[in-house]
Amino acid sequence: MIELTHSEIQEVSGAIAPLLAVPIVIGAITGGAAGAIQSDGNIGETILGASLGAAAGFFGAIAGATTGAVRVLYGGYAIAAGVATTWNDS
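Here goes a summary of the coordinates provided. In this text the structure is predicted, and so the values were computed from the model without any measurement.

**Observations regarding the packing of aromatic side chains**
This model, assessed by the stated rule, comprises four aromatic pairs. For the pair Phe59 and Tyr77, a centre-to-centre distance of 5.3 Å together with 55 degrees between the ring planes defines the contact as tilted. Residue Phe59 is found in helix H3 (residues 43–65), and its partner Tyr77 is found in helix H4 (residues 68–85); the two are separated by 18 residues along the sequence. Given the relative accessible area of 22%, Phe59 is considered partly exposed. Seen in terms of ring centroids, Tyr74 and Tyr77 are 5.6 Å apart; in terms of plane orientation they differ by 90 degrees. Their pairing is edge-to-face. With Tyr74 and Tyr77 both in helix H4, this residue pair falls three residues apart, about one helical turn. For Tyr77, a relative accessible area of 39% translates into the label partly exposed. Among the aromatic residues, those joined into a cluster by ring pairs are Phe58, Phe59, Tyr74 and Tyr77.

**Description of unusual backbone geometry**
The backbone phi angle of Asp40 is positive, close to 55 degrees, even though this residue is not glycine. Positionally, Asp40 belongs in the loop between helix H2 (16–38) and H3. Taking the relative accessible area as the measure of exposure, Asp40 reaches 74% and is therefore exposed.

Scoring rules and cut-offs
- Residues numbered from 1 in each chain as written.
- Predicted model: local features only at pLDDT ≥ 70, side-chain atom pairs only at ≥ 80, totals over all residues.
- Heavy atoms only, no water.
- Phe/Tyr/Trp six-rings, centres within 6.5 Å; stacked < 30°, edge-to-face > 60°.
- Helix = DSSP H or I, 4+ residues; strand = E, 2+ residues; numbered from the N terminus.
- Buried < 20%, exposed > 50% of the residue type's maximum accessible area, 1.4 Å probe, protein only.

This is the structure we're talking about:
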């Protein structure tokens, strides 16, 4: 019988979901606020900002949990989504 590592215990116990949920919620809140500020309260831009912020949080969480090329790839996705969050076409 082998002893599980801390990360293996988290995977088995289902503790990965909260680790993903927190960055997604924080990204959605900050992205929505950025969208609202950039567009002077336009609801469409606020929703777009919240959606892209949530995506940036998700990709950032995945980048933080991985290593190597996968980390670089998802880190780039997170940065791109974060930059797109503040896009204002109005």
